[in-house]
Amino acid sequence: LLKQREAPLQLKLIAVHIDHEWRSNSAQDAQFCQEFAASLSLPFHCIKASEVKLSKKYNGSKEEMGRALRRHALESIAQKHNANAIALAHHAD
C-alpha cells in the first residue's frame, strides 16, 4: 500500500524486520522480508533482538519486552534515516 503511494506522496520508504529470535525458524521470516523488500526495491534493515541493547531492564512479560525492543529498534532506524514517521505492519489486521 505504501509502495503504491510512494511517488505521489513523496515518501522515502525503508523496510525493517525485527527478529526476536523466539522461534527456531525466525531466520526464515527475516529472509522472506528481505526478499520482499528487494522485490519492491526498498532499502532493508534486519535487527536481531540479541543485538539490541536496551537501557532499561524489563521484568514484565516477554511480549512487553518485545514491544520495548521493537520501539527502540524502529526509533533508532528512523533517527538514522531522519524519518518523521514509522508505519507498522506486523499484524494481519
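Structural data are supplied above this passage.
Residues numbered from 1 in each chain as written. Predicted model: local features only at pLDDT ≥ 70, side-chain atom pairs only at ≥ 80, totals over all residues. Heavy atoms only, no water.

**Student:** Provide a residue-level description of the pattern of salt bridges, including the pertinent values.
**Tutor:** Counted according to the given criterion, the structure contains 3 salt bridges. Arg23 is the partner of Asp29 in a salt bridge, and the nearest nitrogen-oxygen pair spans 2.0 Å. A relative accessible area of 31% places Asp29 in the partly exposed class. A salt bridge links Arg71 to Glu75, with the nearest nitrogen and oxygen atoms 3.0 Å apart. (Salt bridge = Lys/Arg side-chain N within 4 Å of Asp/Glu carboxyl O. Buried < 20%, exposed > 50% of the residue type's maximum accessible area, 1.4 Å probe, protein only.)

**Student:** Outline the nonpolar core, listing residues and values.
**Tutor:** Listed in full, the 8 residues of the largest apolar core are Ile18, Ile47, Ala49, Val52, Leu69, Ala73, Leu74 and Ile77. If we ignore the near neighbours within four places in the chain, the residues touching Ile18 are Ile47, Leu69, Arg70, Ala73 and Leu74. (Core = buried A, V, L, I, M, F, W, Y, C linked by side-chain atoms within 4.5 Å. Contact = heavy atoms within 4.5 Å.)

**Student:** If you had to explain the pairing of strand E2 (residues 44-48) to someone new, which residues and values would you point to?
**Tutor:** As a general feature of sheets, a regular strand has side chains that alternate between the two faces. Residues of E2 alternate between two faces, with His45 and Ile47 buried on one and Phe44, Cys46 and Lys48 left unburied on the opposite face. Examined bridge by bridge, strand E1 (residues 15-19) and E2 share 5 bridges and lie parallel to one another. Bridge assignment links His17 to a residue of E2, and that residue is Cys46. As a crossover connection, the stretch from E1 through helix H2 (residues 26-39) into E2 is right-handed. (Helix = DSSP H or I, 4+ residues; strand = E, 2+ residues; numbered from the N terminus. Pairing = 2+ DSSP bridges. Right-handed = clockwise from strand over helix to strand, strands pointing away.)

Honestly, that's just the spatial picture; any functional story needs more than this.
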